[in-house]
Amino acid sequence: MHPRFRTLSGALGALVLLCATGCGDDDSGGGGGGQLDMGIAVANISLNFAHEMVLGAESAADHAGKVDFKAVGPPNTDGPAEVQLFQNLTAVAKDGIVLENLDPPIFTRPAARAVDRGIPIVALDTSPTDGSKVTFYVGNDNYALGELMAREALKRLGDDPKGEIVVGVPNPGTPVLDNRAEGITDTFEKEAPGVKVLGPFQTYSDPGQNHSSWASQVAAHPEALAFLGVGDADSYNLAKIKKEKSGKWLTAGFDVDPKTLDAVEDGSNFVTIDPQHFLKGYLSTAILIESVRENGGKLPDGWFLSPGGVVDSSNIDEVAARQKSPRAAYDWYEPVIDKLLGDQEAQLKPLKDAR
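The rules behind the values
Residues numbered from 1 in each chain as written. Predicted model: local features only at pLDDT ≥ 70, side-chain atom pairs only at ≥ 80, totals over all residues. Heavy atoms only, no water. Helix = DSSP H or I, 4+ residues; strand = E, 2+ residues; numbered from the N terminus. Buried < 20%, exposed > 50% of the residue type's maximum accessible area, 1.4 Å probe, protein only. Polar contact = N/O pair within 3.5 Å; in protein donor to acceptor, adjacent residues only side chain to side chain. Expected span 1.5 Å × (residues − 1). Phe/Tyr/Trp six-rings, centres within 6.5 Å; stacked < 30°, edge-to-face > 60°.

Visitor: I'm lost on the environment of Q323 in this one. Help?
Guide: Among the structural elements, Q323 can be located in the loop between α11 (316-322) and α12 (326-342). The exposure class of Q323 is buried, given its relative accessible area of 0%. It is 9.9 Å that separates the C-alpha atoms of Q323 and L261, two residues lying 62 residues apart in sequence. Looking at Q323, its side chain comes within polar contact range of the side chain of E52, at 2.5 Å.

Right, dumping it as structure tokens:
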């Protein structure tokens, strides 16, 4: 792993991460700039995507000031364990919680109970279920990110490609991931009729299981044109397998784990799609704090669209510099943050349209 990638994207191995900002302030009460008790719950505290969201959220809380901010999440993707951690968090983060998860149905009732208790809840990265009573969501257009990955692959496959593409999804049934895979599949069907898309196959979020799953797919489809994953571990495990097998096929995935950035830098992966998780964590927390201090806890209604982008050989150095520290990340995102928070209405879409 290149040392320049370590600081921001290093994994957090603890079951529960507690981070407090502004703890020295003794003001109390949610509105008017008083001390706030808030937090974030994420699906997997050890994988890069969740770590980035936590760092963005912590940065927003720190910049707002007078926010005691706690972050919780299981060490591995475990929906029931996260439910318990979220419920525990509601006992202390009474002024508001940002909730990211990979299993929305099991959070429906816990989220609704929190809302009924008067705790503002922002859904992050995964849109909320109808019965959750959560009406504000910050996330990407994941279908569009899938389209973006497919088009980047098509640029490198030449005119009228023919063959097979294998698509993998770590957690089938999770909308954020399924939408990415759908965007990939639909784009190939529309723009490359000679390409047959296989899958999406389950590739698992656990890095070990993920590697085994992709190794099986590579063995089963040795003549495939490309192997494309939509999750965190997909990216670096596909690169590892490609190196092990001296593969000629294209490989790519999502997110900016240090190993993934290494794979883009050395050319093993032709791109990674960056959902810009730090930005989403920052935006969701900043809007939550603003809603409590200025609007009595009344959050906007709808889907706040957060952007994403491509990382390839043309911008890998710039993104690597962004990943050096949370401060470097904030400095890189600051113009975007200012623009999006300065005109929030422009980013709001109907919640039913979230994909």
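Text resumes after the structure shown.
Visitor: Got a minute to help me understand helix α5 (residues 142-157) in this structure?
Guide: Relative to the 22 Å expected for 16 residues at 1.5 Å per residue, α5 spans 23 Å between its end C-alpha atoms, a close match to the ideal helical length. Within two residues after α5, G158 carries a phi angle of roughly 80 degrees, on the positive side.

Visitor: Explain unusual backbone geometry here, please?
Guide: Comment: phi is negative for the bulk of residues other than glycine, and the bulk of peptide bonds are trans. With an omega dihedral of 10 degrees, the bond running from G199 to P200 counts as a cis peptide bond. Within the secondary structure layout, P200 lies in strand β8 (residues 195-202). Positioned with a positive phi, K66 is a non-glycine residue whose angle comes to about 55 degrees. Along the chain, the position of K66 falls in the loop between α2 (48-64) and β3 (67-72). Exposure remark for K66: the relative accessible area of 28% places this residue in the partly exposed category. Even without glycine at this site, K133 takes up a positive phi of about 65 degrees. Among the structural elements, K133 can be located in the loop between β5 (121-124) and β6 (136-139).

Visitor: Would you mind going over the packing of aromatic side chains with me for this structure?
Guide: Two numbers describe a pair of aromatic rings. These are the distance of the centres and the angle of the planes. Counted according to the given criterion, the structure contains 7 aromatic pairs. Residues F227 and W249 carry aromatic rings whose centres are separated by 5.2 Å and whose planes lie at 80 degrees to one another, so their mutual orientation is edge-to-face. Here F227, found in strand β9 (residues 226-229), pairs with W249, found in the loop between α8 (232-245) and β10 (250-254); they are 22 residues apart in sequence, far enough to count as distant. Three or more aromatic residues joined by ring pairs form one cluster here, namely W214, F227 and W249.

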